[in-house]
Structure formats: C-alpha cells, structure tokens
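# A look at the structure
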Amino acid sequence: MGHGLTAYNDLFAYSSHAFALIIVVVSILTIALRTGLFIRSVFFSYGIWLAPLFLVLQIVVSERIGISIILACALEFSLSFFSLFFLHKLLLCVRQVNSISTRQLYLSFLGGFFAEISILSYFIHQRNFGIFSDASRIDYLVENRLNLFLTYALLMIGQIMNTIAACMVMRERRWNFLVLSYLLFSCISSVFSGSKGAVMLKVFSILSLIQMDTKRSYLNVCFLPLVSAFLFFVITVVFVGPFLNYNPISMVQLMYWRLFLMNDTRALAIDFERELSDTPIFPEAFRALANRLGHKPIHPPIGLFLYQLAFSTTSYSGGNASSSALLIAYGSVADKLLFFFSVLIIAGLLYIPQVLPIGLKIFRVSICLSLVLLLSQDFLAFPHAFFGSILLFAFFIALTSFNALSRVMSYTRLNFLRTL
C-alpha cells in the first residue's frame, strides 16, 4: 500500500475511546432527559451513535478539521436525530399493542416469516451465496439487480418482523413458539449467509422495543433471548469461523472489530479525500438516475472503490456506501453543501408515510426508521429499499383490506343467521 491509511487505522486505535464516549454521552442524555430512549437506541442500532462519534473523535483527537468532515459530522448527528425521532414513535406504537387485533398481528408475522423463508431459499439455490461462495459471501449480488432488490427487501421485512415479535412477546409476556421458531430460522439464515453475529443484533433489536410494567417482568422476558444469543455466539465462533478460515480466537477478534468496521468507508473516504475531491458527488451518489440522464458515474460504488484503492481488492468486497463517506470523498464545497441538504430533505420527507392512513401505523413507522438508518449507513442501498418498502405498503393495504372484508362477511353472516 502506497497510501497512509491513518483514519482507517484510527478505527482500531480509538475503539476503546468510541465505547467510552458512547457510554458517557448516552448516560448523560438519559439522566438529563430522564428517558430510556437513548439506551434503547444503542441496542436497537448502535450505528446511530458510532458513526457521528467516530467523526467527533477524528475532529477532536486526530485534529482533522475541515469543511468535509464537519459537514459529515453534522449530517450524521442530524440523521441520528431523525432515527431517535422515529424510534420514539415506534416505541409509542409498540406500547399500544393491545389496539392491534391478534388476527392481524399473527397474519402479518406469518406473512413476513413466509417471505423471509422464500427469499432465503431462492438465495441458497444460487451457488455464490454466503458460505456457499468460493470468494466473497456477497458475490450473488454481482450484476444481479433482482438479488440486490430482494436483499434489501429482506432487510426491511426483517425489521418489521423484529417489531411484530416484540409486540407478540409484550402481549403474551413470553416468547411463544412462533417467535422462537423465527429466531431459530434467523440463526440458520445467519449461518448460511456467513454473517458474523447478525442474529445477536436482531435479538437486541427486539429487546430494545419490548416494554413491560415492571423491571422484574422485563428481566424475566430478557433471560431466554440473552442465553440464546450467547449460545449463538458460541455456534458462530465454532462453526461459521472454519467456513471463513478463522480459528475461534481470530473469529472472536473479527466479531469485535466488526463493530467498528461499519465506519470503514467513512475512514477510507477521509484518507482519500484529496485524491477524489474533483469527482462530482451527485453521479456517484444517485447512480441509477445519473445513468438514465447520461451522466455515468466515474468510479465503482464507493465502498468497493475505496477498498480497491486501499487494499487492491479484486473481488466483490468492500464497505457500505454511507452518506457521510460520499460527502467527504467527492465534490466541491458547493456540491457537498447541496448533497448535505438533499439528504436531510429526503430524511424529512420520510415523515409523510408514517402519517398516511395506509395499513397499521406500527409497520409504517418501522419502515421509515429502517430507511433513515439506511440513509446513514448505506446511501446507495436506499433506492432499492425504498422500492421494496412500496411493495410492503401494498402488502399492508391488501392485508388490511382482507381483514376488513373478513369482518364484514362475518357480520353479514351473523345477521343472516339471526333472520332465520
């Protein structure tokens, strides 16, 4: 490597600093505002905090002070605010779980479960998926728009399933057979996909949404999933590790560093900012639209491109295309400012779907929250997830219409029998 990857190396050098800073900031906000929202947000998606605080460390500790990194830091904090707003809305919806009919809750859960099984089965039949791939575990995405769309549709469905699972646990005050079956399926799919702990994040996400009357009730509900998460951690280390050519100790280290590698593209963007600042930002950020308008992107997707520059990779491997990485790496100051406000406008527009009378509000808010998180973590994936969300909204409309029709038919049949 002929380029000094100082910001990238900071990912690991400042790992303890990042943990400490998250604990301090979340604790101060929790005590000052007397709300558990911030603690729940860490368990729901720790990236809400890790991304902006990494950039703060770059400014304060590494003294990287420039318009790009300051704008990127402001963008990540703004998206964190949007994430917290939608998470607060989602918690309010989950708290009102008794307002959702049991039939609708179970139909939604079974529909999502069936969709996840169908998509995973389709992926497994392709030889280049997850642990079945000879190279990168995401080789199945190469030049395959359908697989790309289904992957992000699966992500959105998974988030909705987390919300429904939390509702079912709250209603029954236990982890019933359906929820446990879904978690077992998630373990299996996580192993097949070569994930390094996604199911544990899923468990923590569900736990962050559960709200009980007393602390003791909450701890009783938490016991089983926490034990299950630990067992899956052991399974991942012992069984998934060998597939990825890692011994148990190396696998544990990889899973630990993986927490911070979600900032890898941001760090590499800082390292290569000078070399890439002449590249227009909008063709690289809005790639599909740019292609249709005849302004083709100059480089591959930023996550792949930065890995190619830094590590000379040739396979389909790299980091996520975070919005702050795009802002740091590409464009003039004017372009960066325009992109900054464009992302915030998109995030603000996501307020509209959650107030529309389409299906259950709890699902709409869950989808909007997932889309805001994608704006931060993987901007290039946002269009695919957005179109997937439109299909999910259509599914919810159909489900709501089916339930309404069923109630009307039941009421009509009852009145008919009464007349006999």
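What you see is a predicted model, and the numbers here were worked out from it, not measured in a lab.

Time to look at the nonpolar core. Counting residues in hydrophobic clusters, the biggest one holds 118 residues, and the most contacted among them are Phe 109, Trp 175, Ile 210 and Ile 362. Contact partners of Trp 175, with chain neighbours within four places excluded, come to Val 169, Leu 180, Leu 183, Ile 206, Leu 207, Ile 210, Val 221, Leu 224 and Pro 225. Met 200, Val 240, Met 251 and Met 255 belong to the second-largest nonpolar core, a separate cluster that totals 10 residues.

A few words on the pattern of salt bridges. Applying the stated criterion across every chain yields a total of 5 salt bridges. Here Arg 173 makes a salt bridge to Asp 213, at a shortest N to O gap of 2.6 Å. Of this pair, Arg 173 sits in the loop between helix 7 (145–172) and helix 8 (177–192) while Asp 213 sits in the loop between helix 9 (198–209) and helix 10 (215–243), and the two are 40 residues apart along the sequence. Looking at Asp 213, the relative accessible area reads 66%, which means it is exposed.

What follows covers a nonpolar patch on the surface. Nonpolar side chains collect at one region of the surface, where Ile 67, Val 333, Leu 337, Phe 341, Ile 345, Leu 349, Tyr 351, Ile 352, Val 355 and Leu 356 lie side by side and expose about 870 Å² of accessible area between them. Looking at which element gives the most residues to the nonpolar patch, the answer is helix 18 (residues 333–349), with 5 residues. Inspection of the secondary structure assignment puts Val 333 in helix 18. Its relative accessible area of 43% is what places Val 333 among the partly exposed residues.

Our next topic: the packing of aromatic side chains. A complete count under the given rule lists 19 aromatic pairs for this structure. A centroid spacing of 6.1 Å and a plane angle of 75° characterise the contact between Phe 109 and Phe 113, whose relative ring orientation is edge-to-face. In this pair, Phe 109 and Phe 113 both sit in helix 6 (residues 102–124), 4 residues apart, roughly one turn of the helix. Under the relative-accessibility criterion, Phe 109 is labelled buried at 0%. Geometrically, the ring pair formed by Phe 113 and Phe 185 is tilted, given 5.5 Å between the ring centres and 55° between the ring planes. Placement of Phe 113 in helix 6 and of Phe 185 in helix 8 is noted, with a sequence separation of 72 residues between them. Exposure class is identical for Phe 113 and Phe 185. Each is buried.

Our next topic: the packing of helix 12 (residues 264–271) against helix 16 (residues 302–311). Following both chains from N to C, one finds helix 12 and helix 16 inclined at 60°, their axes separated by 10 Å at the closest point. For the element pair helix 12 / helix 16, the angle class is oblique. For helix 12 against helix 16, the interelement crossing comes out left-handed. Along its contact with helix 12, which presents Asp 264, Thr 265, Leu 268 and Ala 269, the element helix 16 presents Ile 302, Gly 303, Leu 306, Tyr 307, Ala 310 and Phe 311. Split into classes, the residues belonging to the contact of helix 12 with helix 16 amount to 7 nonpolar, 2 polar and 1 charged.

Count 3.6 residues to each turn of an α-helix, and residues three or four apart come out pointing the same way. Between its first and last C-alpha atoms helix 10 spans 41 Å; for 29 residues at 1.5 Å apiece the expected length is 42 Å, and the two agree. The largest bend along helix 10 measures about 30° and falls at Phe 223, with the proline Pro 225 one to four residues further on. Listed as buried for helix 10 are Val 221, Cys 222, Pro 225, Ala 229, Phe 232, Thr 236, Val 237, Val 240 and Gly 241. One or two positions beyond helix 10, positive phi appears at Asn 245, with a value near 65°.

Cut-off values and rules
- Residues numbered from 1 in each chain as written.
- Predicted model: local features only at pLDDT ≥ 70, side-chain atom pairs only at ≥ 80, totals over all residues.
- Heavy atoms only, no water.
- Core = buried A, V, L, I, M, F, W, Y, C linked by side-chain atoms within 4.5 Å.
- Buried < 20%, exposed > 50% of the residue type's maximum accessible area, 1.4 Å probe, protein only.
- Contact = heavy atoms within 4.5 Å.
- Salt bridge = Lys/Arg side-chain N within 4 Å of Asp/Glu carboxyl O.
- Helix = DSSP H or I, 4+ residues; strand = E, 2+ residues; numbered from the N terminus.
- Patch = residues over 30% accessible without salt bridge, like charges linked within 9 Å, V, L, I, M, F, W, Y side chains within 5 Å.
- Areas by Shrake-Rupley, 256 points an atom, 1.4 Å probe, with all protein chains shown as cover.
- Phe/Tyr/Trp six-rings, centres within 6.5 Å; stacked < 30°, edge-to-face > 60°.
- Axes fitted to C-alpha atoms, helices over the stretch in contact; angles between N-to-C directions.
- Parallel < 35°, antiparallel > 145°, perpendicular 65-115°, else oblique.
- Left-handed = near helix turned anticlockwise from the far one by under 90°.
- Nonpolar A, V, L, I, M, F, W, Y, C, P; charged D, E, K, R; others polar.
- Expected span 1.5 Å × (residues − 1).
- Bend = angle between axes of the 7 residues up to and from the residue.

Nothing here speaks to function; it is geometry throughout.
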